[in-house]
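Residues per chain, in single letters:
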Amino acid sequence: MPVLVLALAGCGGPSFDGTVYRGPDVAFRVPSAPASWRQIAVSDAAVAYRDDANGATIALNGRCKNEEDVPLISLTNHLFLHFTEREVLKQEVVPFDGREAMHTVVSAKLDGVPKVFDVWVLKKNGCVYDMLLIADPARYAASEPAFTRMVRGFSTLPAHGD
């Protein structure tokens, strides 16, 4: 039995060293978070940060489930299914990490609380990557530069190896 435990431990689970995330089927690189942002654990993200001073959260996630045929707009809209009073403030398709990504800024309510959601969705090599900033509308402008830096420094990596 100890051999089995060691073998499973050797497989390892998801890891994040501050700039590189490696999960079972997806990997990506991001810049280091600014000093004012602290890493947090959330169930729906591979990597997440919180800026307590500005009441903002950054969440980064990737999944590989053969969603290549799903349009970027559908993948983006799926992220907002549970929100009310949605208003799209900006939506554009832009070149990103060798592909196209959909960048969307939405004002919406989550459980009745107004928020601004700045979202990037990228499809690449059979995987979908979501990058979100969730901010208080009054403090969105203060949080947006850190998020933009994180997004601009994002790149996909092979899931296995460097």
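Structure shown above.
My aim in this report is to walk through the structure given alongside it, one point at a time. (Residues numbered from 1 in each chain as written. Predicted model: local features only at pLDDT ≥ 70, side-chain atom pairs only at ≥ 80, totals over all residues. Heavy atoms only, no water.)

### Looking at the overall build of the protein
Counting its regular elements, the protein contains three helices and 11 strands. Counting helices and strands in the order they occur from the N terminus, the protein gives α-β-β-β-β-β-β-α-β-β-β-β-α-β. Expressed as a percentage of the 162 residues in the protein, the buried residues total 41%. A fraction of 50% describes how many contacts in the protein between residues 6 or more apart in sequence connect residues 24 or more apart. (Helix = DSSP H or I, 4+ residues; strand = E, 2+ residues; numbered from the N terminus. Buried < 20%, exposed > 50% of the residue type's maximum accessible area, 1.4 Å probe, protein only. Contact = heavy atoms within 4.5 Å.)

### Section: helix 3 (residues 140–152)
The end-to-end C-alpha separation of helix 3 is 18 Å, in line with the 18 Å expected for 13 residues at 1.5 Å each. The inward-facing, buried residues of helix 3 contact strand 5 (47–51), strand 6 (56–63), strand 7 (84–96), strand 8 (99–110), strand 9 (113–124) and strand 10 (127–135). (Expected span 1.5 Å × (residues − 1).)

### Structural notes on the state of the cysteines
The final tally for this structure, using the stated rule, is one disulfide. Disulfide partner of C64: C127, at an S-S distance of 1.8 Å. Judged by the sign of its S-S torsion, about 90°, the cystine formed by C64 and C127 is right-handed. Of this pair, C64 sits in the loop between strand 6 and helix 2 (72–78) while C127 sits in strand 10; the two residues are 63 residues apart in sequence, bridging distant segments of the chain. A relative accessible area of 22% means that C64 is categorised as partly exposed. By relative accessible area, C127 is classed as buried at 8%. (Disulfide = S-S within 2.5 Å.)

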